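Next come the chains, spelled out residue by residue.
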Amino acid sequence: MTPLSRIVAVVVLTAIVAAAGGWAGIQYGLRQAHAHQGLDELIHSELNLSAEQDRRIEALEAEFATRREMLEREMRASNRDLADAIQAEHEYGPRAQSAIERFHMAERSLQEETVKHVLAMRTVMTPEQMSRFDQAIAKELTAD
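Going along each chain's sequence as written, the residues are numbered from 1 onward. Predicted model: local features are reported for residues with pLDDT of at least 70 only, side-chain atom pairs are reported and counted for 80 or more only, and whole-chain, interface and lining totals are derived from all residues. To obtain the side-chain values, all non-hydrogen atoms of the structure were used and water was disregarded.

### Here's the deal with unusual backbone geometry
To keep things clear, this is the line we draw: Under the scheme used here, helices are H or I runs from DSSP no shorter than 4 residues and strands are E runs no shorter than 2 residues, and both carry numbers assigned from the N terminus. Buried, partly exposed and exposed residues are distinguished by accessible area as a fraction of the type maximum, computed with a 1.4 Å probe on protein chains only: under 20%, between the cut-offs, and over 50%, respectively.
Residues other than glycine seldom take positive phi values, yet Asn 48 does so here, at roughly 50°. Here Asn 48 lies in the loop between α1 (3–46) and α2 (51–89). With phi around 55°, His 90 is a residue other than glycine that occupies positive phi space. Checked against the element boundaries, His 90 lands in the loop between α2 and α3 (94–122). A relative accessible area of 45% places His 90 in the partly exposed class.

See the structure below:
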């Protein structure tokens, strides 16, 4: 293999790995957005919340949105670091491992914060609303 063909092969491999990482991040984001839209529709259109319930849930959603955006920025930043590491090291080295660990920490935090947010919204609801909400949560978590 000539030096030029090695360089081309490394560049192509780097592009493929970076694209796969980007694709995985996009798929995760789309799943999160779809789940959020379904629950948002249920909460604000189908549960017949009182004005007080709606106000309290809106406040919870505003708090969560700030935290979620911060964690999503962290995940995007770690993906950029992973792409940089792959381009620089051309192997699964310490920088790539660190970027992946950083991504997983942010992803785990986002999942934990999402569950806490969902449970906090639930406390605002009546028993009947809670039942419908619980069913929707179970459906979202078990959907393929």
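### A short note on the nonpolar core
Our working rule: Among buried residues, those of type Ala, Val, Leu, Ile, Met, Phe, Trp, Tyr and Cys that are joined through side-chain atoms within 4.5 Å constitute a nonpolar core. Should any heavy atoms of two residues lie within 4.5 Å, those residues are counted as being in contact.
Ranked by size, the top nonpolar core spans 15 residues in total, and within it Ile 43, Leu 47, Ile 57, Met 121, Met 125 and Phe 133 carry the most contacts. Breaking this core down by element, the ones donating at least two residues are α1, α2, α3 and α4 (127–142). Leaving out residues up to four positions away in the same chain, Met 121 has contacts with Ile 43, Ile 57, Leu 60, Glu 61 and Phe 133.

### Things to note about the pattern of salt bridges
Using the following cut-off: We count a salt bridge whenever a side-chain nitrogen from Lys or Arg sits within 4 Å of a carboxyl oxygen from Asp or Glu.
Scanning all chains against the criterion turns up ten salt bridges. Among the ionic pairs, Arg 67 bridges to Glu 113, the shortest N-O distance being 3.7 Å. Of this pair, Arg 67 sits in helix α2 while Glu 113 sits in helix α3, placing them 46 residues apart in sequence. In this structure Glu 113 comes out as partly exposed when scored by relative accessible area, which is 22%. A salt bridge links Arg 68 to Glu 72, with the shortest nitrogen-to-oxygen separation between them at 3.8 Å. Placement of the pair is Arg 68 and Glu 72 together in helix α2, with a separation of four residues, close to one helical turn. Owing to a relative accessible area of 25%, Arg 68 belongs among the partly exposed residues under this scheme.

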